[in-house]
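Examination of the molecular architecture
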There are 10 protein chains.
Amino acid sequence: MEFLVFMELTKTIEGGSKKEVVLREQERLRSRQLSEKGVLLRLWRVPGRRANWGIWNANSCDELHDAIVSLPLFHYMTITVHPLASHPNDPIPLYSGAGK
Amino acid sequence: MEFLVFMELTKTIEGGSKKEVVLREQERLRSRQLSEKGVLLRLWRVPGRRANWGIWNANSCDELHDAIVSLPLFHYMTITVHPLASHPNDPIPLYSGAGK
Amino acid sequence: MEFLVFMELTKTIEGGSKKEVVLREQERLRSRQLSEKGVLLRLWRVPGRRANWGIWNANSCDELHDAIVSLPLFHYMTITVHPLASHPNDPIPLYSGAGK
Amino acid sequence: MEFLVFMELTKTIEGGSKKEVVLREQERLRSRQLSEKGVLLRLWRVPGRRANWGIWNANSCDELHDAIVSLPLFHYMTITVHPLASHPNDPIPLYSGAGK
Amino acid sequence: MEFLVFMELTKTIEGGSKKEVVLREQERLRSRQLSEKGVLLRLWRVPGRRANWGIWNANSCDELHDAIVSLPLFHYMTITVHPLASHPNDPIPLYSGAGK
Amino acid sequence: MEFLVFMELTKTIEGGSKKEVVLREQERLRSRQLSEKGVLLRLWRVPGRRANWGIWNANSCDELHDAIVSLPLFHYMTITVHPLASHPNDPIPLYSGAGK
Amino acid sequence: MEFLVFMELTKTIEGGSKKEVVLREQERLRSRQLSEKGVLLRLWRVPGRRANWGIWNANSCDELHDAIVSLPLFHYMTITVHPLASHPNDPIPLYSGAGK
Amino acid sequence: MEFLVFMELTKTIEGGSKKEVVLREQERLRSRQLSEKGVLLRLWRVPGRRANWGIWNANSCDELHDAIVSLPLFHYMTITVHPLASHPNDPIPLYSGAGK
Amino acid sequence: MEFLVFMELTKTIEGGSKKEVVLREQERLRSRQLSEKGVLLRLWRVPGRRANWGIWNANSCDELHDAIVSLPLFHYMTITVHPLASHPNDPIPLYSGAGK
Amino acid sequence: MEFLVFMELTKTIEGGSKKEVVLREQERLRSRQLSEKGVLLRLWRVPGRRANWGIWNANSCDELHDAIVSLPLFHYMTITVHPLASHPNDPIPLYSGAGK
């Protein structure tokens, strides 16, 4: 099942920019892992904001929640999950098979 | 350039369900054309609503506007375009190359 | 998977109260079918409004969408689906097993 | 009487994660007590957020308020109570009898 | 139990002012009945609007819903019910005893 | 003249719970005084929140403002005053005479 | 007592522009009467909208409501009344004495 | 040109009440100066809030901005400027001539 | 003085597309006149919507209002005027001098 | 491609006014550079607020994001990017050629 997820960095990171650099590197690595597992399919920045839109893939909301909570920046972000159903006019799934 | 587009059928279609059936078929055909041109990349339904989220691809906002306005259901929908910038943690572009 | 669904009758039913009585009876029957299939688990009225909150159960958002669209009053309602993940402090699933 | 209650952790817990772990364990125990009393009937996580939806059961709003205020995390949460009336199409009460 | 209820006339009354005059007279009579039953305790106009705030009294949300739905103008109004719990600093109940 | 007033504790009380206990006791006493003067007529809690709805009585908005500002918790609250006009279907004034 | 009132023409005037011209002339005359009574003190247009902000003067919300309801365009407008209290830094009342 | 301006004290004043008393006295003096220049025409409190509505007069938005920024409490307030156009039914300008 | 103006076609044009074509041509001509007078400086479409953002130039809000109201599509649009003050970091005025 | 961008200083600058003065000077210099590159075309203040509207020019959302993030005040601001498409009634591009 695919989900559209909006994430925005809304809370101050105590420890300032140094800590943020560390967290961002951890976030990069964790995102890489989630991509390789086919959980994180696409990720875009919202221009001008510390926010992103992403297409995520999980077998249930529980799985999705666990994946999102595993992000190092989780505690600093406001996140909204938009559930998605398949559309008859959908061109092609993102990754043949993985999209279902 | 990729865009996230939300569309919802909010206006009444005069002519009732018969006309809606005709319009939906035209919408299906038009969506197919836009997919083949690589303009419409993905489309999902919002569960429980006559609305959809889509990933669109165009070289400019002008091109995107023209593509959206060409949809037979355009006049009956409320539409919001979310601009997207690429993200360093983006797993892979939708279509190698087309994503840029 | 369980979903929390809010539904409100926001559009005028052409044909006035006579048609509404017919539609409501069909809605009652369809709700009964969905209950027997274990899709509709609970349903409450919002006091003072023509709206309801419900707990629905489906294996995917596609299944949920199809169930909601099958409601006779679907075209007259504004509907919002809230995705749900299981909570470690959840007392007991609604129906032993069915809740998962 | 049943109520739909939304809770979100919106305030910072002074004392950081150590204190949060303690509070969460107390919250788990208190939730267990409320469940055993038939006050807390169901609890779901909102995927991606430190928030939950719950079905609560109390004889009055006073009773409900006292139960909610007794939660160890009460002071850190933003909470909304949605009143519920019974619906003729409601499949079956959560717990035979307790639901009324 | 007491409830705070907001009501606003938001839908057009087909049949224009003549029908509205008839409905308003029926509304007056029905309000009088509800007052005599101790269900409608207080009612104020929102200055400048076709809306009102009211204090209602019912043993459950079901009772409250039935009372509100019995208003002749029900189908033309948008209504919000605010649940109320008693407050330790509350001067005195509206009607000795009835307030509880 | 009567007013409907919504109050919510939204700002952190420096000095923590000890100071809050002191302030709450002062708030109780001040509320008692305002009740005896016929300024504060009714007060209810919003279940699940540190907020209340109240019916206040004053000869002008200036008088109302002075009464509200005199509350010890004033600086920690977000407050909205809803003006009220009398309604022809109002059952009875709260306190014979005082309501006008 | 002074009030800040926002009014916007939001409902369609059946009978189209001819009827609107008649109503506007009646509105002009009624406004003139209210000005002469010292009820309507100031009136400004919201640039680009069929809306206005006004400073009104009445001894109570009841009086204010009656004045507003007497406007020929009342049934076509959405109106919000903002209560006002006097401010110690207020330069001078609009009309010596009338402002209080 | 006249403007309707809403101001609310939304940010905490470091240095607590002592500093606030000093700032408020400076604000009073500055308001007096702006009144004498015919820039600040009227000022009302929002009952129950640390907020005000004001009618301001300036030859341009630049002039208005400079006047507002000169307020000692500027950095602690959230401010919204509503542009105003003259209305044919406006009784009389505030100050003969100055209103234009 | 410059203003940022948002306009959206939100009301149904009776007479359907034929009338809309006529109105749009009149709108084009009127826009051309306003441009030549230096009132309408820039105009952009909101991609995917029947809406536009524009930079307008007028000596007062009255002048701006009259210009906007002169648009043939005025009665079918929802319009918001954002007042603008000059910024020290503004690269260059649109039209040397005209920008002031 | 042109974009309409709204920016508001919403976060507290640690280090108070001294640091803000330094940051503002850096912001002025950076704005000057962006202007000279034809990226920042126009900039206006929102009267009464620490906010601005700007017209920006970039070949893609990525370019726009990088330009915005390069602003020294970026971390203290809440920013919204409004995508723009060209309008047939647009008088003239800002800078002949640069506007496209």
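Residues numbered from 1 in each chain as written. Chains lettered and ligands numbered in written order. Predicted model: local features only at pLDDT ≥ 70, side-chain atom pairs only at ≥ 80, totals over all residues. Heavy atoms only, no water.

Observations regarding helix α2 (residues 61-69) of chain H
All names here are of chain H.
- Turning to α2, its buried residues number three or more, namely Cys61, Leu64, His65, Ala67 and Ile68. Buried residues along α2 cover an arc of 165 degrees about the axis, so they all sit on one side.
- Where α2 begins, one side-chain oxygen reaches toward the backbone nitrogen of Asp62, 3.3 Å away; that side chain belongs to Ser60. (Buried < 20%, exposed > 50% of the residue type's maximum accessible area, 1.4 Å probe, protein only. Helix = DSSP H or I, 4+ residues; strand = E, 2+ residues; numbered from the N terminus. Arc of directions from axis to C-beta. Polar contact = N/O pair within 3.5 Å; in protein donor to acceptor, adjacent residues only side chain to side chain.)

Side note on the relation of the copies chain J and chain I
- Overlay of chain J on chain I (RMSD 0.0 Å): rotation 180 degrees, translation along the axis 0.0 Å. The superposition of one copy onto the other is thereby described by a two-fold rotation axis. (Least-squares fit on C-alpha atoms with pLDDT ≥ 70 in both.)

Some points on the interface of chain J and chain I
- Residue-level contacts link 31 residues of chain J with 30 residues of chain I.
- Carbon and sulfur atoms supply 61% of the area buried between chain J and chain I, which totals about 2,900 Å² over both sides.
- At the boundary of chain J with chain I, the tally comes to four salt bridges.
- At the junction of chain J with chain I, the criterion picks out 10 residue pairs in polar contact (both at pLDDT 80 or more).
- Those elements that place two or more of their residues in the side of chain J that touches chain I are β1 (2-9), α1 (16-36), β2 (40-45), β3 (51-57), β4 (77-83) and β5 (85-86) of chain J.
- Of the residues forming the side of chain J that touches chain I, the biggest block, six residues, is contributed by β2 of chain J.
- By residue class, the composition of the side of chain J that touches chain I is 17 nonpolar, seven polar and seven charged. (Contact = heavy atoms within 4.5 Å. Buried area = accessible area lost by both parts, 1.4 Å probe. Salt bridge = Lys/Arg side-chain N within 4 Å of Asp/Glu carboxyl O. Nonpolar A, V, L, I, M, F, W, Y, C, P; charged D, E, K, R; others polar.)

Considerations on the packing of aromatic side chains
- Enumeration according to the criterion identifies 15 aromatic pairs over all chains in this entry.
- By the ring-pair criterion, three or more aromatic residues cluster together here, those being Phe6 and Trp53 of chain A together with Phe6 and Trp53 of chain B. (Phe/Tyr/Trp six-rings, centres within 6.5 Å; stacked < 30°, edge-to-face > 60°.)

Quick word on the pairing of strand β1 (residues 2-9) of chain A
Residue and element names in this part refer to chain A.
- Burial of β1 is extensive: eight of the eight residues sit out of reach of the surface.
- As judged from the seven bridges shared by β1 and strand β3 (residues 51-57), these two strands associate in the antiparallel manner. Across the sheet, residue Glu2 finds its bridge partner in β3, namely Asn57. (Pairing = 2+ DSSP bridges.)

Brief notes about the pattern of salt bridges
- With the rule as written, the count across this model stands at 60 salt bridges over all chains.
- Of the charged contacts in the structure, one is a salt bridge between Glu20 of chain D and Arg24 of chain D, with a shortest N-O distance of 3.1 Å. A residue pair is termed a helical-turn pair when its members lie 3 or 4 positions apart in one helix, as Glu20 of chain D and Arg24 of chain D do in helix α1 (residues 16-36) at four residues.
- Salt bridges here are not isolated pairs; linked through shared partners, they connect Glu2 and Asp90 of chain A together with Arg42 of chain B.

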